[in-house]
Amino acid sequence: MRRTYAVLAAAAVAVATAVTTAPTPAYADHEGTPTVRQLLELCNVSTDLCEFHPGGEPELFSAHGRVVGSEVFNCTSGRQNMAVQWADTTSQSNSVGLALTTEAGFGEVFSVSYEQSFQHTWTTSHTEAQTTFVNTGPGEVGWVERRPRMQRVHGTYELHFGSRQWGHYIWYAPFTAEGPVPGSPDEIVTQNVRPMTDAEEAACP
């Protein structure tokens, strides 16, 4: 049986380099072209084969900073090391917007491929909890910001069907996932201070 191949190029997924090793794309059949999401929803549901092929090592990066915990107010006449207790949860995301669970379907395929390729377990969610001391002067407000350490994985899903789907037996779909890196030594936590406003000073006991 002659198999036909197709590479999906979705404008919303900026990973064109991930499909360079796939067969020559076959576009424009009378049945139209599916989205990446439509294809991945069929992974391990109506496919004979569904595999994820990473396009290289994970890219490590720091997420945007965000305030964690509550502000502390130094209403005394001297400098104070003030404790800020905080907990912050970082979760995964992906270029398709589907839940990347490990229970079944394309999420399980991704997690297994990641572990086999990089000898680490993919982390879906991680909560970091700490007490950070902020040195504040008289009449200052202190707060804590965190920039979680993250990883980004690019790759391609290879899907084989027993019958033609959108005109082809085999599809290649680009995919990008981002997730937390627990326990990273590059985790960035900063202490910050600013002068109180008049209203904040008036609220001091």
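Residues numbered from 1 in each chain as written. Predicted model: local features only at pLDDT ≥ 70, side-chain atom pairs only at ≥ 80, totals over all residues. Heavy atoms only, no water.

Asker: Just give me the short version of the overall build of the protein chain, but keep the residues and values in it.
Answerer: When helices and strands are counted, the protein chain shows 3 helices and 11 strands. Listed by position from the N terminus, the elements making up the protein chain come as β-α-β-β-β-β-β-α-β-β-β-β-β-α. Among the 205 residues that make up the protein chain, the fraction classed as buried is 41%. Considering only intrachain contacts with a sequence separation of at least 6, the fraction spanning at least 24 residues in the protein chain is 80%. A total accessible area of about 11000 Å² is found for the protein chain, and carbon and sulfur atoms account for 50% of it. (Helix = DSSP H or I, 4+ residues; strand = E, 2+ residues; numbered from the N terminus. Buried < 20%, exposed > 50% of the residue type's maximum accessible area, 1.4 Å probe, protein only. Contact = heavy atoms within 4.5 Å. Areas by Shrake-Rupley, 256 points an atom, 1.4 Å probe, with all protein chains shown as cover.)

Asker: I'd love a proper account of the sheet that holds strand β8 (residues 140-147), names of residues and values included.
Answerer: Here we have 3 strands laid out as an open sheet, ordered β4-β8-β11, and antiparallel in their pairing. This sheet does not close on itself; its edge strands, each paired only once, are β4 (66-73) and β11 (188-195). Taken pair by pair, the neighbouring strands of this sheet meet at an average axis angle of 20°, ignoring direction. Of the strand pairs in this sheet, β8 and β11 are connected by 8 bridges, and their pairing is antiparallel. (Pairing = 2+ DSSP bridges. Axes fitted to C-alpha atoms, helices over the stretch in contact; angles between N-to-C directions.)

Asker: An account of the nonpolar core is requested, with residue identities and associated values reported.
Answerer: One finds L40, F106, F110, Y157, L159 and F175 to be the most contacted residues of the largest nonpolar core, which totals 25 residues. Of all the elements in the fold, those that place two or more residues in this core are α1 (36-40), β2 (49-54), α2 (105-118), β9 (149-165) and β10 (168-180). For this core, the element with the most residues is α2, which contributes 5 residues. Of all hydrophobic cores here, the second largest spans 7 residues; its members include V68, M82, V84 and V144. (Core = buried A, V, L, I, M, F, W, Y, C linked by side-chain atoms within 4.5 Å.)

Asker: Help me get a handle on the state of the cysteines, residues and values and all.
Answerer: As used in these notes, a disulfide is a covalent bond between sulfur atoms, one from each of two cysteines. Counted by the stated rule, this structure contains 2 disulfides. Each sulfur of the disulfide joining C43 and C50 lies 2.0 Å from the other. Judged by the torsion about the S-S bond (-105°), the C43/C50 disulfide is left-handed. Take C43 and C50: they sit in the same class, and that class is buried. C75 shares a disulfide with C204; S-S distance 1.9 Å. Between C75 and C204 the disulfide shows an S-S torsion of about -70°. By sign, it is left-handed. (Disulfide = S-S within 2.5 Å.)

Asker: Any chance you could break down unusual backbone geometry for me, citing the residues and the numbers?
Answerer: A positive phi angle, close to 60°, is found at Q119, a residue other than glycine. One can find Q119 in the loop between α2 and β7 (125-136). For Q119, a relative accessible area of 62% translates into the label exposed. Although it is not a glycine, W166 sits at a positive phi angle of roughly 55°. Of note, W166 is situated in the loop between β9 and β10.

Asker: Explain α2 residue by residue, including any values.
Answerer: Spanning 14 residues, α2 covers 20 Å between terminal C-alpha atoms, matching the ideal 20 Å at 1.5 Å per step. Among the residues of α2, G105, F106, G107, V109, F110, S111, S113, Y114 and F118 are the ones counted as buried. The secondary structure elements touched by the buried residues of α2 are α1, β2, β9 and β10. (Expected span 1.5 Å × (residues − 1).)

Asker: Help me get a handle on the packing of aromatic side chains, residues and values and all.
Answerer: Scanning the entire structure with this criterion turns up 11 aromatic pairs. Ring centres 5.0 Å apart and planes at 55° place the aromatic pair F52 and F110 in the tilted group. Here the residue F52 occupies a position in strand β2, and F110 occupies one in helix α2, the gap between them amounting to 58 residues. Judged by relative accessible area, F52 falls into the buried class, the value being 5%. Looking at F110, the relative accessible area reads 0%, which means it is buried. Among the aromatic side chains, those forming a connected cluster through ring pairs are F52, F106, F110, Y114, F118, W122, Y157 and F175. The ring of F61 has R152 sitting right over it, with the charged end atom 4.1 Å from the ring centre. (Phe/Tyr/Trp six-rings, centres within 6.5 Å; stacked < 30°, edge-to-face > 60°. Lys NZ or Arg CZ within 6 Å of the ring centre and 35° of its normal.)

So far we have only geometry, and geometry alone does not tell us how the molecule works.
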